[in-house]
Amino acid sequence: METTEIIDGKNITLERAGEEDRTLIFKNDMCAVCGLCETICPVSAIEANPTGAMIRTEQDMSKIDIDVNKCVLCGMCSSICPFQALDLQINGDSIRELQYPQLIKSAEIDNEECIHCKACETACPQDAIIITRELPSRAELITGEIDIDKDTCIYCGMCEEMCPVDAIDIEHQNPTSDNPVVATDINVSEDICVHCGICKRICPVDAIKQVCRICPYGEYEISVPEINGNSYIDPELCVNCTWCQEICPVDAAKVTKPFEGELTIEQDTCQGCETCVMVCPCNVLSFPKSAKSGLKAEKLHKDERFCIYCGACQKSCPVDAINVKRTQINYTPTKSKAWKKAFESLKQ
Amino acid sequence: MTIGLKTYRELCHGCGNCVVSCPVNALRSEEVAGGKGPSDDVDIIMIVEDGAIQIKNADLCGKCGTCVQSCPVDAITLEEL
C-alpha cells in the first residue's frame, strides 16, 4: 500500500488506500509551529520548521514537512495538535469524531448566562468567537414629544446643525424673486429624536416645543426591552486559551485546557526580540509599558491563566530564555500502551 | 528542509540594524546590547564588514526572524539553504 502526497499551496494531504482509506490533512494557516507533532511522531516523519522564521518572515514553504515515505498515518500528530492543524480521516471521518484517543479540551458559552457584551469576541486571540445581538431602537428607550411651529420658525438651521442624532431636516433653498424664502420646510423625525432638548434651547425664536417624559415621571415609565443575542465559538479556530472565560463579566464561558504545566522566563537572558510575543497563539506574553519615565518595566510579561503549554514560545526563542514544562496531558482513556506512552512522553 | 540565514551583500547599506537587533548577538556582547558593533573578537552571528553584512557564525542562529524584520532593504533573509 502506497501513500501519496498532494501539495496544495502550503497545505499537505497524505492519502493511503486499503482496507481503510486513511487521509492526513495539514492546514498550514492553523499551525502555530509548536512542534508537538514532531515530538509525538513515532516514526520521525514530521519536521517542524523554525517557529520564528515561519511566523515572522514570509516563507514559501509549509510550516511543517511530512516525509511521505516514513509516515504510517497513525494519527498521533492529529490527536495531539492543539490547533486542529492536522486531521487524520479514516474512510472520510475525522478521528476527532471517532472512538480514537484524543486530547480532552473544550470551550463553550452558556447563552442563558451570556449578556452579549462582546468582551470575549474582542479578547479572543484567534477570532474564534462571534457574538450577535439585537439592540432595541433608541425610540424604545426614551419617550417625549417634539413639535416645531413652522410659522414661527425662521429656518436659521441652528437646530439642524446642533442636533446630535441628525433628527432635524430643513429643506434649504436659495431665495428667488418668485419664492423669496431661505427654506421651504422643516421636519423632525420622531423615531430618531432622543428628546435631549438642545434644539429647543438653541432656537432663537422659541419655535420648538419639546418635552422629555422620562424626567417628570422617572425611570419607571420605560422598561428596557430584553436584548436578544447569540454566542458562537468556532471549534476549528478555538485553541482553548481561556481568554473568554477569564474576561467574561458574568462567568458564562467555560474552558477546559488540553495541558497543564508551568511557563518560566529567564528575564536576564531575554533580549526582548519579541519573537515569542508574535508566536504565542494564546496572547500569553506581552511587553509591559513603563508606569512612568525613569521606571524600568518588567522585560517580558506572562499571564499563565491563558497558557496552554504548547511550547511554541520555547521553540521560537533564539536565546533559550523560555521553558515550558507540561505536567499533565488531558486525554481520553485508552487501553493502547503505545498511545498512552506517546501522550505521556510530552510531559517534562 | 533546512532554513537558514542568507545575505545579499549587494543590497546591504551597512546600517547594522541586524547586528544590534539580533537577540543572540545582544546576549553574547554587551556592546551589541548597548546598540553598537563589537570592538573585541566576541563570537556573534553577523557583523558589518567593509560596509556590508557578513555572517560570521551561522550555527549560533536561532532563526527567530528579528534581523529579517529589522533590515530596511531585504539584504538578510531566512530561507531554504
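Look up: the structure comes first, before these words.
Residues numbered from 1 in each chain as written. Chains lettered and ligands numbered in written order. Predicted model: local features only at pLDDT ≥ 70, side-chain atom pairs only at ≥ 80, totals over all residues. Heavy atoms only, no water.

**Notes on the environment of A:S231**
All names here are of chain A.
Piece 1. Secondary-structure assignment places S231 in strand β14 (residues 228–233).
Piece 2. Counting along the chain gives 154 residues from S231 to C77, while the straight-line C-alpha distance between them is 30 Å.
Piece 3. In contact with S231, other than residues within four places in its own chain, are I109, N111, C114, I130 and I131.
Piece 4. Within the structure, S231 has its side chain in polar contact with the side chain of N111 (distance 3.2 Å). (Helix = DSSP H or I, 4+ residues; strand = E, 2+ residues; numbered from the N terminus. Contact = heavy atoms within 4.5 Å. Polar contact = N/O pair within 3.5 Å; in protein donor to acceptor, adjacent residues only side chain to side chain.)

**Looking at the packing of aromatic side chains**
All names here are of chain A.
Piece 1. Taken as a whole and assessed by the stated rule, the structure comprises four aromatic pairs over all chains.
Piece 2. With centroids separated by 3.8 Å and ring planes inclined at 10°, the aromatic side chains of W243 and F306 adopt a geometry described as stacked. Of this pair, W243 sits in helix α8 (residues 243–247) while F306 sits in the loop between β18 (301–302) and α10 (312–316), placing them 63 residues apart in sequence.
Piece 3. Using a relative accessible area of 17% as the deciding quantity, one classes W243 as buried.
Piece 4. When its relative accessible area of 3% is taken as the criterion, F306 is described as buried.
Piece 5. Plain terms: the ring middles of W339 and F343 are 6.0 Å apart, the flat faces sit at 50° to each other, and that makes the pair tilted. With W339 and F343 both in helix α11 (residues 337–344) and four residues apart, this pair spans about one turn of that helix.
Piece 6. For F343, a relative accessible area of 1% puts it in the buried group.
Piece 7. Residue placement shows R326 over the ring face of F259; its charged tip is 5.8 Å from the ring centre. (Phe/Tyr/Trp six-rings, centres within 6.5 Å; stacked < 30°, edge-to-face > 60°. Buried < 20%, exposed > 50% of the residue type's maximum accessible area, 1.4 Å probe, protein only. Lys NZ or Arg CZ within 6 Å of the ring centre and 35° of its normal.)

**Here we look at the nonpolar core**
Piece 1. Ranked by internal contacts, the top residues of the largest apolar core, which has 88 residues, are A:L24, A:I64, A:I66, A:L86, A:L263, A:L285 and B:M46.
Piece 2. Not counting residues up to four positions away in its chain, the partners in contact with A:L285 are A:L263, A:I265, A:C276, A:V277, A:C280, A:L300, A:H301, A:K302 and A:C313.
Piece 3. With 17 residues, the next largest nonpolar core counts A:Y155, A:I168, A:C199 and A:C203 among its residues. (Core = buried A, V, L, I, M, F, W, Y, C linked by side-chain atoms within 4.5 Å.)

**What about the interface of chain A and chain B?**
Reports often express the size of an interface as the amount of accessible area lost when the parts come together.
Piece 1. Facing 19 residues of chain A, the contacting portion of chain B comprises 16 residues.
Piece 2. When chain A packs against chain B, the two sides together hide about 1500 Å² of surface, and 63% of this comes from carbon and sulfur.
Piece 3. Its largest share of buried area at the contact with chain B, chain A owes to A:R56, A:Q271 and A:P318, together 33% of the area lost on that side.
Piece 4. Counting every contact that joins chain A to chain B gives four residue pairs in polar contact (both at pLDDT 80 or more).
Piece 5. If one sorts the elements of the side of chain A that touches chain B by residue count, helix α2 (residues 51–56) of chain A sits on top with four residues. (Buried area = accessible area lost by both parts, 1.4 Å probe.)

No statement about biological role is implied by the geometric values presented.
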